[in-house]
Structure formats: structure tokens, C-alpha cells
Number of protein chains: 2
Amino acid sequence: MSGTNSERVLIAEGPAIILVEPQLGENIGMVARAMANFGLAELRLVKPRDGWPSEKARSAASKADHVIDGAKVYETLEEAIVDLNFVYATTARERYGFKPVRSPVVACQTLQQKFKAGEKTGILFGRERWGLTNEEVALADEIVTFPVNPAFASLNIAQAVLLMSYEWMKCGMEDHAETLFDALDQSPSTKEQVFGMFEHLEEALDARNYFHPPAKKPRMIDNLRAVLTRRAFTSQEISVFRGVINSLDRFPRQWPRKVVPRQQKAEKGEATEIEGNDGE
Amino acid sequence: MSGTNSERVLIAEGPAIILVEPQLGENIGMVARAMANFGLAELRLVKPRDGWPSEKARSAASKADHVIDGAKVYETLEEAIVDLNFVYATTARERYGFKPVRSPVVACQTLQQKFKAGEKTGILFGRERWGLTNEEVALADEIVTFPVNPAFASLNIAQAVLLMSYEWMKCGMEDHAETLFDALDQSPSTKEQVFGMFEHLEEALDARNYFHPPAKKPRMIDNLRAVLTRRAFTSQEISVFRGVINSLDRFPRQWPRKVVPRQQKAEKGEATEIEGNDGE
């Protein structure tokens, strides 16, 4: 983990996730896991069908025990959200009404704004089979729906919670291109390093008559340098590449005039008699 | 579904999803479902542990049969990607090396660019328990990793495929605020409509001596109008609100001078004798 990224502040607070009459303990567990993956911890359950606590939920939570242990159970949706200031209802079905409909990106921006203003927020998720009732949606402030394939729109609740949790964490990041770890630190190469690579390679190739016929040499060098520069090698990559040239350069530099039979050539694994040059 | 959104072109092509030695059929099925949710269809399996086809996979795919039926099985990862031009490897673990590490947002932007340029792309996902080997990652062009909670970083493969598929669909959308359906079409109210609502309500309230004492009336009107304008009612909402005023206004307008006993008042459900006004 690079210095900068390991110091990233972990978001461990955020909207409450409210599951309305969830049926399967496995799904509750997978919801808890998805929440933990993206830094959410507050799980509220309205009348879980198979009761609570649930061993199936704990098992499916894959060690997101802090979410499972902290889950609270309510008899009604109203009780589950009385202390909140702002609530989203998730739905895949079109609801006719005045209530604003938001994408997950916009919803999570709103949730972040409210979080920073000290408001308590929540996101409602409906039953596995048929979601939220219109009466339940009416208790929310706004609707959030996912940009799914219209021909295949059903997300299960764990997937829906995962996507909202993921957008929540992304919204809290300053830079969406940020990653938890990076490639090895590398510095852009200087032209001096690039020219050094050119000369190293060209000298080794020249010793083996690669630039043949001589009249073509300037054009061949242009092409070779174009191939080598398009990738914008880093300093570190140039070191690797020059190591490769050195290693190949250990073989005899003298152009063998003697023709080696094809079979013997293959056994030796070395290039020997060549018409023209390796570049053909 | 509103006119504009229903005409949205469905993205049904995109990167191949390549699962390396997946173990459980259920997970392969959930991967297929996640792909179908977000318009991906090309599933490739490298040595699925429990063989192929798999009834468990079909069942877990929840009718994403087109993905299951189209899945292809390969003996090696190399065979599974030979026809592709550009490949991402997903990993949660830091890999030391030169390979660029991207966030899902950046990776999907790259995949979209390559898709539009006619390149064939793919995304590798590792085994459930321990992901991809370093040798497998080395076959990819770049690495993609998820912005997860560092303290709880394990995503299962169906979740990882879901997030990449979701980002893929979002990248193909011009507007990330777009939703598949919208609230009822509504138009912003004109000031004429707002003033009409003010007068309607204030007249009905005035008839009931709401503005009491008279000296406070201008300030009370200011406050009331502030409450009513902060929400920026639409034309349609003003219609609803005026219907509410009309309905309440059906009750007697005359200020009853007679005091009604508290119990009788409650039974009738009407406001009767009031000290001051309703606003107190």
C-alpha cells in the first residue's frame, strides 16, 4: 500500500440500511457483508420472516459480525425510521407519483451532503420477491433506482445494497481514480535514458548485421525507435529492457559465415544463417 | 417509462467475463445474473471445478439463461483470452510490479474507449478462495481493484462481477443522473399559480380568524408564504394543495362563539374553541 493511500480515512458511518420484511437469513448476511465491504455498519430489520438472530445470516455475512451484532429489529417500518431525517426508497418498478426519482450516483451525492450537514439518513430495501409497497415508498423522501438492463431488471437485495454501499464509498472519495494500492513507484524516463537504450540496442544489433542492406539502415533505425518510444517507457522499464539486451548480447557477436544444417540450428536454439536480417 | 428513457439503446455487448477455476456452480449462476442485469453476455470459464454445464449455475442465474447457454469452457487461461486485444485482471491484493492499477471507473472508461475502437476486451476474475495467481495477472494488460473498506476487503466473485458490470453500463450512459423511469411529468409553477395558492389559503384562514391578533397579520402572512415557497411547488403540486384547502374549507366558516366541551370536540373531530389561533 502506498504512503498516500494507506492514510486514507476510512468512512465507517453513513446511511442506515433498512430491510423491510427480509425473508432469507442468507440474504441478510450477504447484505451485512456488502455493507462491511464499503464501510457501512447500521443495519435495521423490519419483521424478518425467519426471526432474529439468525445463524444463517451470520454465516453468510463472512465475518461482518459487527454489522450482524449491531442489527436492530422493528415491528413496523415507521418505527424503524422515526429518528432519521431523510430516507430513500429503492425500487426497480416504476411508481407513478410526485416523488423525485434519482440514480444511485445522485442519491449518494445527496446522502453525502446530508451526512456532512449532520442529518441522519437511511435507505429502504424491499422484500426479496416483490419489493416495497406503495405505502412504504410513500414514507420515503425520494426514490432511487438502478440503471439496469430493462430486459433483465431484477436485482436481489444483497446486490442492491452492494451497489448503494459502493456508490456511498465512492462519493466519499475525492478522486474516483484512486486505488487502494498502486503499481511500483516509477519515474518517467529522461531522453538521456531513452537515447542510451537506443544506442545500446542498435550497437548490439549492428554487430549482428541486423541493419542490412546498409542503405536501409537509417529507415530501419527510425522504425525501431518509433516502436520503442510509443510505449513511453519509465526509467525502471528502461533498466529492465537494457538488462534484456545485455543478456541477449552474451551470445557471439561475430556473424557466422558458415552455414549450419537446419536441424543442428534448431537444436542449438541460436539464429545462424539468415537471408537478409531478423527483421524480415 | 418516460419517452426519452424508453428509447435508450440497450448495451448488450462489452467485455468478456472470464472466471478462472470457479468452484461453485451457484457463484457462476450469480455471475451470469449480474452480467445480465447490466447488459453483458459473454461468459468464459477456465476449468470450472464441478464441470459444465451446471444445473446449480442455471438455477442461481435466475433466468439469465442466455448467458449460461452461451458460456464457453477452456482448459487454460491462455486459450480463454487468445482472441482478445486488451484484458484487465481484478485483484483485491496488492501486487508488486510495473502493471498499472486502475479503479473500476477508470477501467470501465478504458474498456468503453476500446469497445468503440472495435477492440475485444475481457476482465479476469480469480478463484473464490484465493483469486488469481501472479502468473495469471501477468497475462493481463492492467489491474483493476475495488475501493473497498481496507479492514473488510473480500468481495465474492459475483459481487466483483456485479460492480464491474454496473460500471460498464454506467460508462455507456451519457448522463449518470439518468434513471429508467421518472416522477410524473411536472412543470415549475408560475408566480401567478403561487400567488393564487397564497390568496386561496389566506382567505380561508382569515374567515376562521387565523390571523389573530390583527396587528400580527402581516408578519404571519410573511412567515406562511415563506413556508409555502421554500419547497418550490410544481404546478401539479399546487393543484393538489388547493384541493386540500378546498376540502378543509367545506367546514363552517363562521367562528363559533359557543364553547364546546373538550370531549364533544374530540368526537366531532373539528376545531372549535381556540385561544389565539391554530398557528400557536
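Residues numbered from 1 in each chain as written. Chains lettered and ligands numbered in written order. Predicted model: local features only at pLDDT ≥ 70, side-chain atom pairs only at ≥ 80, totals over all residues. Heavy atoms only, no water.

Under an unreviewed UniProt entry, the name given to chain A is tRNA (cytidine/uridine-2'-O-)-methyltransferase TrmJ, and the organism recorded is Endobacterium cereale. As recorded by UniProt, the Subunit (unreviewed entry) comment attached to chain A reads in full: "Homodimer." The Sequence similarities (unreviewed entry) field of the UniProt record for chain A holds the comment "Belongs to the class IV-like SAM-binding methyltransferase superfamily. RNA methyltransferase TrmH family." (UniProt positions renumbered as here; feature names shortened; annotations may be inferred.)

Q: What is the right way to look at the interface of chain B and chain A in this model?
A: Where interface size is quoted, it is often the accessible area lost as the parts come together. Counting from both sides, the interface comprises 62 residues of chain B and, opposite them, 62 residues of chain A. On the chain B side of the interface with chain A, the three residues burying the most area are Phe98(B), Phe152(B) and Phe181(B), jointly 16% of the side's total. Run the count over chain B and chain A and you get two salt bridges. With a closest N to O distance of 2.5 Å, Lys170(A) and Glu167(B) form a salt bridge. The interface formed by chain B and chain A holds ten residue pairs in polar contact (both at pLDDT 80 or more) in total. Where the side of chain B that touches chain A is concerned, the elements lending two or more residues are α2 (25–37), β5 (101–102), α6 (104–116), α8 (157–171) and α11 (235–248) of chain B. At seven residues, the largest contribution of residues to the side of chain B that touches chain A is made by α8(B). (Contact = heavy atoms within 4.5 Å. Buried area = accessible area lost by both parts, 1.4 Å probe. Salt bridge = Lys/Arg side-chain N within 4 Å of Asp/Glu carboxyl O. Polar contact = N/O pair within 3.5 Å; in protein donor to acceptor, adjacent residues only side chain to side chain. Helix = DSSP H or I, 4+ residues; strand = E, 2+ residues; numbered from the N terminus.)

Q: What's the story with the pattern of salt bridges in this structure? I'm lost.
A: For side chains of opposite charge, pairing can occur when their charged atoms come near one another. Residues and elements named next belong to chain A. Using the criterion set out here, one finds 32 salt bridges over all chains in the structure. Between arginine 127 and glutamate 21 there is a salt bridge, and its shortest N-O distance comes to 3.0 Å. Taken as a pair, arginine 127 in the loop between β6 (121–125) and α7 (134–138) and glutamate 21 in the loop between β1 (16–20) and α2 (25–37) lie far apart in primary sequence, 106 residues in all. Through salt bridges with shared partners, a single ionic network connects Glu21, Lys47, Arg127 and Glu136.

Q: Is there a simple way to think about the sheet that holds β1(A) in this case?
A: Neighbouring strands of a sheet are bound in pairs by backbone hydrogen bonds; such pairs are parallel or else antiparallel. Residues and elements named next belong to chain A. Pairing is parallel in the open sheet, where seven strands are placed in the order β3-β2-β1-β6-β4-β7-β5. The sheet terminates laterally at β3 (72–74) and β5 (101–102), the two strands that pair on one side only. Alignment of strand β4 (residues 86–90) against β6, held across four bridges, turns out to be parallel. Across the sheet, the residue bridging to tyrosine 88 is isoleucine 123, located in β6. (Pairing = 2+ DSSP bridges.)

Q: Whenever I open this one, the relation of the copies chain B and chain A confuses me. Can you help?
A: Copy one and copy two of the chain differ by a rotation about a common axis and a shift along it. For these two chains of identical sequence, chain B goes onto chain A by a turn of 180° and a shift of 0.0 Å along the axis, with RMSD 0.1 Å. Taken together, the rotation and translation describe the operation of a two-fold axis. The overlap is high: 100% of the interface residues of chain B also sit at the interface in chain A, so the same surface is used on both sides. (Least-squares fit on C-alpha atoms with pLDDT ≥ 70 in both.)

Q: Hey, could you run me through the packing of aromatic side chains in this one?
A: In this description, an aromatic ring pair is defined by two values, namely the gap between the centres and the angle between the planes. Going through the model one piece at a time under the given rule, you end up with 13 aromatic pairs over all chains. Both rings, one in Phe195(B) and one in Phe198(B), keep their centres 6.2 Å apart while their planes meet at 35°; by these two values the pair is tilted. Separated by three residues within a single helix, Phe195(B) and Phe198(B) lie in helix α9 (residues 191–206), roughly one turn from each other. A residue is classified by how much of its surface remains accessible, and Phe198(B), at 4% relative accessible area, is buried. Cluster of aromatic residues (ring-pair linked, three or more members): Phe38(A), Tyr166(A), Phe38(B) and Tyr166(B). Across from the ring centre of Phe86(B), 4.4 Å away, lies the NZ or CZ of Lys114(B), which sits over that ring. (Phe/Tyr/Trp six-rings, centres within 6.5 Å; stacked < 30°, edge-to-face > 60°. Buried < 20%, exposed > 50% of the residue type's maximum accessible area, 1.4 Å probe, protein only. Lys NZ or Arg CZ within 6 Å of the ring centre and 35° of its normal.)

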